[in-house]
Amino acid sequence: MLIGIDSLEIATPELYLDMTDLAVARGVDPAKFHTGLGQDQMAVAPATTDVVTLAARAAAAVLDRAEEADTASLGLVVVGSESAVDASKAMAVMVHGLLGLPEGVRAFDIREACYAGTAGLMTAVDYVAAHPGRTALVIASDLARYGLGTGGEPTQGAGAVAMLVRQDPRLLVIDPASTARTQDVYDFWRPEGESVPRVDGHLSNRCYTDMFARVLAAHQEASGLGLEDFAALCFHLPYTKMGRKALAGVLPPEEAEARGLGHLHRRYDDSLVYSRRVGNCYTASLYLGVASLLDHCDLRAGDRLGLFSYGSGAVGELVTVTVVEGFGARRDPGATVSALDARRRLGVEEYESVLTESLGPVGEDASATLLPDEGPYALTGVVDGVRRYRRP
Ligand code: CAA
């Protein structure tokens, strides 16, 4: 049975900060952010945009595109996220409510830093395999925030990617024989009750590149697939230089050219177009890269792609997918670019106020916040710990 992703949609906040502005304000050479990290802009979420509203927006776009039969067969909604808003209640249940999904749909969250979206995706593949004819909605949604003036500040961002998983998908077929590795390490973590993660940035870089090399080698041993078998590789993108470093670690650009594998480096660039403008969105970052690759690369039906997922803590997984005939008709790159172009550019002072406000506890009435979200879904307030949302 062929199972995979039938559609994939993105949602990002309507505000952004230009990385040159941030560099100037912090007294840093802008080239460090644009070239050293590979980031041009950073999505900024106001207090009324949270991980649930972003997830709802991306999921609504997927359901708008879905066939009626696929919506009627929906049996599972999974949210993978690092940015949980409640220690007990699943955000998938809140999204289920906002979208008005049927009671018969199972809804739950998965957590393991930036890996949780992939955990959700592979769970959905298993679910569809076990329940032929059913569909699953997988949502990766996160607000990546480290705080003002921190080392991680230029690697912040926000966004969600939603995917419909079904039999005979029209975008990407997923090979269930992926390769995963787990290693107990503290490179990035967020103790319960804290609003921003703690991170050992340089250790996290090393853990990421080591994990990629080990997962790739293990995948090659298990599947017999080597680098020459992939048309392109997509990476988890905490900042766009990160995947480039990991790829160069196993395949330096000169060696790639000599072995006829230069396309892996060139196509890596095609996978960065959205992330350079959005920044990190933890669980969603890998899939933002997949969307960018599909929208900007000369891929053909039958091409095999490798997707490297990394979640600090740490879990890494290499998933093999195959491009389906007619996949281009399932994407609308113009709409994604228009949405990014339509965002409002913040000055640094505004960004600092918005970030400070959004990291604080939200009160009963969020309508008086600095820059409320005017979109279809918004957090309107929190009363007795109960989150209240506006929906269309
Ligand atoms: N012009 C061009 N390049 C410059 C430059 C300049 N003027 N100045 C510096 N650079 C380059 C550096 O040479 C360096 O490049 P290389 O990595 O290729 O050597 C790059 O810019 C970054 O410079 P530094 O390492 O000095 O930057 P930093 O000390 O400020 O830290 C960081 C960078 C560790 C990524 C930090 O931003 C951070 O902690 N971010 C959060 C953690 C993170 O994103 N980790 C990624 C792996 S973990 C993961 O993937 C999970 C997740 O999502 C968090």
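Structure's up top.
Just so you know, these numbers come straight off a predicted model, no measurement behind them.

What follows deals with the layout of surface pockets. Each pocket or cavity is described by its volume, and for the largest pocket that value is around 1200 Å³. In terms of lining, the largest pocket is formed by 50 residues, of which the most central are Glu82, Ser83, Ala84, Val85 and Arg190. Split by domain, the lining of the largest pocket shows at least three residues from each of two domains, domain 1 (3-171 + 331-390) and domain 2 (174-327). Of the pockets and cavities examined, the second largest pocket occupies roughly 670 Å³. If you trace the second largest pocket, you find 33 residues lining it, with Gly151, Gly152, Thr155, Gly201 and Tyr239 closest to the centre. Put simply, the parts of the chain that give the lining of the second largest pocket at least two residues each are α1 (19-26), α2 (30-37), α7 (201-223) and α8 (240-250).

It is worth spelling out the nonpolar core at this point. Grouped together as the largest cluster of nonpolar side chains are 49 residues, with contacts concentrated most on Val165, Leu172, Val290, Leu305 and Leu307. Residue contributions to this core peak at 8 residues, all from helix α6 (residues 116-130). Both domains that meet at this core, namely domain 1 (3-171 + 331-390) and domain 2 (174-327), each give it at least three residues. Once residues within four sequence positions are removed from consideration, Val165 is found in contact with Ile3, Gly4, Leu121, Ala124, Val125, Val128, Thr135, Ala136 and Val138. Counting residues in each nonpolar core, the second largest holds 42 residues, with Leu22, Tyr268, Tyr310 and Val354 among its members.

What follows is about the site of the ligand. The immediate surroundings of the ligand are formed by 27 residues, with Lys32, Gly151, Ser204, Lys241 and Lys245 found nearest. Here a nitrogen atom of the ligand sits 3.2 Å away from a polar atom, N or O, in the side chain of Thr155. Within the side chain of Lys245, an N or O atom sits 2.4 Å from an oxygen atom of the ligand. When the free accessible area of the ligand is taken as 1100 Å², the share hidden by the protein chains comes to 73%. Because more than half of its atoms lie within 2 Å of the grid, the ligand is assigned to the second largest pocket. Examining the composition of the shell around the ligand, we find that 5 residues originate from one element, α7, more than from any other. For the shell around the ligand, a count of residues per class yields 12 nonpolar, 11 polar and 4 charged. Two domains each donate at least three residues to the shell around the ligand, and these are domain 1 (3-171 + 331-390) and domain 2 (174-327).

In this section: the sheet that holds strand β2 (residues 15-18). On the basis of which strands lie adjacent, the open sheet formed by 3 strands has the order β3-β2-β15 and mixed pairing. Each having just a single partner strand, β3 (41-44) and β15 (344-346) make up the two edges of the open sheet. Ignoring which end each strand starts from, the neighbouring axes of this sheet average 40 degrees apart. Pairing between β2 and β15: 3 bridges, direction parallel. The residue of β15 that forms the bridge with Leu17 is Leu346.

Overall, the coordinates contain 1 cavity of 30 Å³ or more when judged by the stated rule. In this structure, the largest cavity occupies an estimated 70 Å³ of space. For the largest cavity, the full set of lining residues is Met42, Ala43, Val44, Ala45, Leu143, Ala144, Arg145, Gln156, Gly157, Ala158, Tyr351 and Leu355. When contributions to the lining of the largest cavity are tallied by element, the ones reaching two or more residues are β3, β6 (135-144), β7 (157-167) and α14 (348-359). With 3 residues, the single largest contributor to the lining of the largest cavity is β3. When grouped by side-chain class, the residues that make up the lining of the largest cavity number 9 nonpolar, 2 polar and 1 charged.

Before going further, it helps to examine the pattern of salt bridges. Taken as a whole and judged by the stated rule, the model has 23 salt bridges. With a closest N to O distance of 2.9 Å, Asp6 and Arg330 form a salt bridge. On the criterion of sequence distance, the pair formed by Asp6 in strand β1 (residues 3-11) and Arg330 in the loop between β14 (315-323) and α13 (333-341) is long-range, its members being 324 residues apart. Judged by relative accessible area, which is 0%, Asp6 ranks as buried. Among the charged side chains, a network of salt bridges with common partners joins Asp6, Glu67, Asp70, Arg166, Arg170 and Arg330.

About the thresholds
Residues numbered from 1 in each chain as written. Predicted model: local features only at pLDDT ≥ 70, side-chain atom pairs only at ≥ 80, totals over all residues. Heavy atoms only, no water. 1 Å grid on protein atoms, 1.4 Å probe; cavity = no way out; pocket = protein on both sides within 12 Å on 5 of 7 lines; lining within 4 Å. Points joined across faces, edges and corners; volume = space filled by probe spheres on them. Domains from an automatic or database assignment. Helix = DSSP H or I, 4+ residues; strand = E, 2+ residues; numbered from the N terminus. Core = buried A, V, L, I, M, F, W, Y, C linked by side-chain atoms within 4.5 Å. Buried < 20%, exposed > 50% of the residue type's maximum accessible area, 1.4 Å probe, protein only. Contact = heavy atoms within 4.5 Å. Near = heavy atom within 4 Å. Polar contact = N/O pair within 3.5 Å; in protein donor to acceptor, adjacent residues only side chain to side chain. Areas by Shrake-Rupley, 256 points an atom, 1.4 Å probe, with all protein chains shown as cover. Sits in = over half its atoms within 2 Å of the grid points. Nonpolar A, V, L, I, M, F, W, Y, C, P; charged D, E, K, R; others polar. Pairing = 2+ DSSP bridges. Axes fitted to C-alpha atoms, helices over the stretch in contact; angles between N-to-C directions. Salt bridge = Lys/Arg side-chain N within 4 Å of Asp/Glu carboxyl O.

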